[in-house]
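Single-letter residue listing:
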Number of protein chains: 2
Amino acid sequence: MTERTPTEAARDIPEATVARLPVYLRALTSLAEAGTATCSSEELASAAGVNSAKLRKDLSHLGSYGTRGVGYDVEYLRYQIAREIGVTQDWPVVIVGIGNLGHALANFSGFRSRGFRVVALLDADPSRHAEQVAGVDVRPFSDLAAIVAEHGVAIGVISTPAHAAQDVADAMVSTGIRSILNFAPAVLSVPDGVDVRKVDLSIELQILAYHEQRKGPAGLEGRLEAPA
Amino acid sequence: MTERTPTEAARDIPEATVARLPVYLRALTSLAEAGTATCSSEELASAAGVNSAKLRKDLSHLGSYGTRGVGYDVEYLRYQIAREIGVTQDWPVVIVGIGNLGHALANFSGFRSRGFRVVALLDADPSRHAEQVAGVDVRPFSDLAAIVAEHGVAIGVISTPAHAAQDVADAMVSTGIRSILNFAPAVLSVPDGVDVRKVDLSIELQILAYHEQRKGPAGLEGRLEAPA
DNA sequence: AGGAGTTTGTGAACGCGAGAACAAACCGGC
DNA sequence: GCCGGTTTGTTCTCGCGTTCACAAACTCCT
């Protein structure tokens, strides 16, 4: 996290910008599919749902890929962002925990089309090892090390119950995985140098509930209501 | 978003703090289940995966619920946070789009145990209306307004394909739903007063990929590697 | 009762990100 | 070749969030 390879540019892009680059990438893909060859920062910002000033500042961190007075070449900028993120080639990914959510993730087509390839599905439960999900065999969790070594996996997804998550994370780290996407509602502790991103469905709903509670006791405005 | 009911406290809690309250809530529940009656800010912070100073400042926004020299009463603090978030009673929720992800969400037990109750599953595809998922019938999307009115639904979840998301959001807003959790990879535009939170699996992976790319070309440290 | 030890709650400094505003640069017409 | 119109890239300012550091307050022991 501290030192980078000094040969490359090594300009450090702000974390907030990194989080938005994938959004711009998708907006550009959408524009390209609609046949748009060029777009202004205003158009792209609107498609991505952000402020145009913010968009320009974000893009300025990667370089000067626009043309003043004209705008951005959609295909060119799309490639530059994809390259910066690192999704010009596919990343191999393993998914551990093939419950309801694991199934959904394995079948999610967006992974394939956005730079990721699910190379293995793992589960500790032997009764699942007969299954095949999305054309990929479910294999025993003990195969993790072999699979990681074989495919050069660097990213792991955890969709197990909470109580198993830390063990899975430990195993992932010991095989060399350095990036983990965690869907289990648990706090993972990992060594330095390993990134963990957490997606927690309950937390998102609870945040919504907080704001909802503050908006008002019931639907006051924007809806005609008949008194009960 | 601007004015609150002047009768209540109306202290505004910073957004960053709101996002962490559910994490504290879960950590406290976990401590309570382990039989812990009292905990210090250091312990709770460690269980929640944050800095203890940050935890104390966060909690200070809700009031003074701790005792200096002693710490926090686990059960008492747990209730106070649950009350602040608004999950002391269950929130009715509708899920629209019963594909792979919709199935997983409907079956997710964490909703029920954390203050939410799925009252309806909706899908536009008539061939799905025969199904029953997690004990709840799948009903036609056109029933949305009736269901929302019947149960007083304020929170909607969108797990449709991207191209349908905006239409679903519009319909939700028109029925009075003011909080939306969106899993579709699309930018939703909604009127003021409606909150949208977005969960995007591809984006999370792409952020990981960016950092992974910067860590180094291959597994250099922490893993013994045999030259291919 | 008093003092030592512990832990909370908060005031202040610091850094990051958002947004506005503007200069630099490019295109097209004359 | 020059000028007006347009759009990018950047500078500056402001506000929010994080972190440090410490005073206030509580318990326990003597």
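Residues numbered from 1 in each chain as written. Chains lettered and ligands numbered in written order. Predicted model: local features only at pLDDT ≥ 70, side-chain atom pairs only at ≥ 80, totals over all residues. Heavy atoms only, no water.

A. Focus on the overall build of chain A. On a plain count of helices and strands, chain A comes out with nine helices and ten strands. Within chain A, the fraction of its 228 residues that count as buried is 47%. For chain A, contacts bridging at least 24 residues in sequence account for 57% of all contacts bridging at least 6. In the structure as shown, chain A presents an accessible area of about 11,000 Å², 50% of it carried by carbon and sulfur atoms. (Helix = DSSP H or I, 4+ residues; strand = E, 2+ residues; numbered from the N terminus. Buried < 20%, exposed > 50% of the residue type's maximum accessible area, 1.4 Å probe, protein only. Contact = heavy atoms within 4.5 Å. Areas by Shrake-Rupley, 256 points an atom, 1.4 Å probe, with all protein chains shown as cover.)

B. Broad picture of the layout of surface pockets. The space that makes up the largest pocket amounts to roughly 1,500 Å³. Lining the largest pocket are 46 residues, and of these R197 and E204 of chain A together with R197, K198 and E204 of chain B sit closest to its centre. Of all the secondary structure elements, the ones that give two or more residues to the lining of the largest pocket are α1 (15–33), β10 (195–198) and α9 (201–215) of chain A together with α1 (15–33), β10 (195–198) and α9 (201–215) of chain B. For the lining of the largest pocket, the leading source of residues is α1 of chain A, giving five residues. In terms of residue class, the lining of the largest pocket is built from 27 nonpolar, five polar and 14 charged. (1 Å grid on protein atoms, 1.4 Å probe; cavity = no way out; pocket = protein on both sides within 12 Å on 5 of 7 lines; lining within 4 Å. Points joined across faces, edges and corners; volume = space filled by probe spheres on them. Nonpolar A, V, L, I, M, F, W, Y, C, P; charged D, E, K, R; others polar.)

C. Examining the protein's contact with DNA strand D more closely. Near DNA strand D you find 26 residues, and of these S41, G69 and Y72 of chain A together with R20 and R68 of chain B are the closest. For DNA strand D, the backbone makes up 66% of the atoms found within 4 Å of the protein, where backbone means sugar plus phosphate. At a separation of 3.4 Å, a base nitrogen of DNA strand D approaches a polar side-chain atom of K57 of chain A. Taking R20 of chain B, its side chain carries an N or O atom lying 2.8 Å from a phosphate oxygen of DNA strand D. Going through the elements one at a time, α3 (52–60), β2 (66–67) and β3 (71–73) of chain A together with α1 and α3 (52–60) of chain B are the ones with two or more residues in the surface near DNA strand D. Of the residues that constitute the surface near DNA strand D, the class distribution is six nonpolar, eleven polar and nine charged. (Near = heavy atom within 4 Å. Polar contact = N/O pair within 3.5 Å; in protein donor to acceptor, adjacent residues only side chain to side chain.)

D. Broad picture of the relation of the copies chain A and chain B. In screw terms, the move from chain A to chain B is a rotation of 180° and a rise of 0.0 Å along the axis, fitting with an RMSD of 0.1 Å. What we have between these two chains is a two-fold relation. Both copies present the same face, since 100% of the interface residues in chain A are matched by interface residues at the equivalent positions in chain B. (Least-squares fit on C-alpha atoms with pLDDT ≥ 70 in both.)

E. The pairing of strand β9 (residues 179–182) of chain A, seen in detail. Residues and elements named next belong to chain A. With burial as the criterion, each face of β9 is covered, one bearing S179 and L181 and the other bearing I180 and N182. As paired elements, strand β8 (residues 155–158) and β9 share four bridges and run parallel to each other. Directly across from I155, in β9, lies its bridge partner S179. In this view, the connection linking β8 to its parallel neighbour β9 by way of helix α8 (residues 162–175) has right-handed handedness. (Pairing = 2+ DSSP bridges. Right-handed = clockwise from strand over helix to strand, strands pointing away.)

F. Expanded view of the sheet that holds strand β1 (residues 38–39) of chain A. With antiparallel pairing, three strands are arranged side by side in an open sheet as β1-β3-β2 (chain A). The open sheet has two edge strands, β1 and β2 of chain A, and neither has a second partner.

G. View of the interface of chain A and chain B. On the chain B side, the residues contacting the 72 residues of chain A number 72 residues. Across the chain A to chain B interface the summed buried area is about 6,600 Å²; carbon plus sulfur atoms make up 61%. With a closest N to O distance of 2.6 Å, D200 of chain B and R26 of chain A form a salt bridge. Put simply, chain A and chain B have 22 residue pairs in polar contact (both at pLDDT 80 or more) between them. Residue contributions to the side of chain A that touches chain B peak at 15 residues, all from α9 of chain A. (Buried area = accessible area lost by both parts, 1.4 Å probe. Salt bridge = Lys/Arg side-chain N within 4 Å of Asp/Glu carboxyl O.)

H. Fine view of the sheet that holds strand β6 (residues 132–133) of chain A. All names here are of chain A. In space, the seven strands of this open sheet follow the order β6-β7-β5-β4-β8-β9-β10, with mixed pairing throughout. The open sheet has two edge strands, β6 and β10, and neither has a second partner. Sheet topology note: the strand β4 (residues 91–96)/β8 ladder contains four bridges and is parallel. Bridge pairing in β8 links V94 to G156. Lying on the sheet, helix α7 (residues 144–151) is in contact with β4, β5 (116–123) and β7 (136–140); it crosses β5 at an angle near 165°. (Axes fitted to C-alpha atoms, helices over the stretch in contact; angles between N-to-C directions.)

I. Geometry of helix α4 (residues 74–85) of chain A. Over its twelve residues, α4 of chain A extends 16 Å from the first C-alpha to the last, a length consistent with the 16 Å expected when each residue adds 1.5 Å. Among the structural elements, α1, β1, α2 (41–48), α3 and β3 of chain A together with α9 of chain B are those in contact with the buried residues of α4 of chain A. Between the side-chain oxygen of the N-cap and the backbone nitrogen of E75 of chain A there are 3.2 Å, and the N-cap of α4 of chain A in question is D73 of chain A. Positive phi appears at G86 of chain A, one or two residues downstream of α4 of chain A, with a value of about 100°. (Expected span 1.5 Å × (residues − 1).)

J. Region of the structure containing the domain arrangement of chain A. Domain annotation of chain A identifies domain 1 (15–83) and domain 2 (91–204). Computed from C-alpha atoms alone, the centre-to-centre distance between domain 1 of chain A and domain 2 of chain A is 31 Å. (Domains from an automatic or database assignment.)

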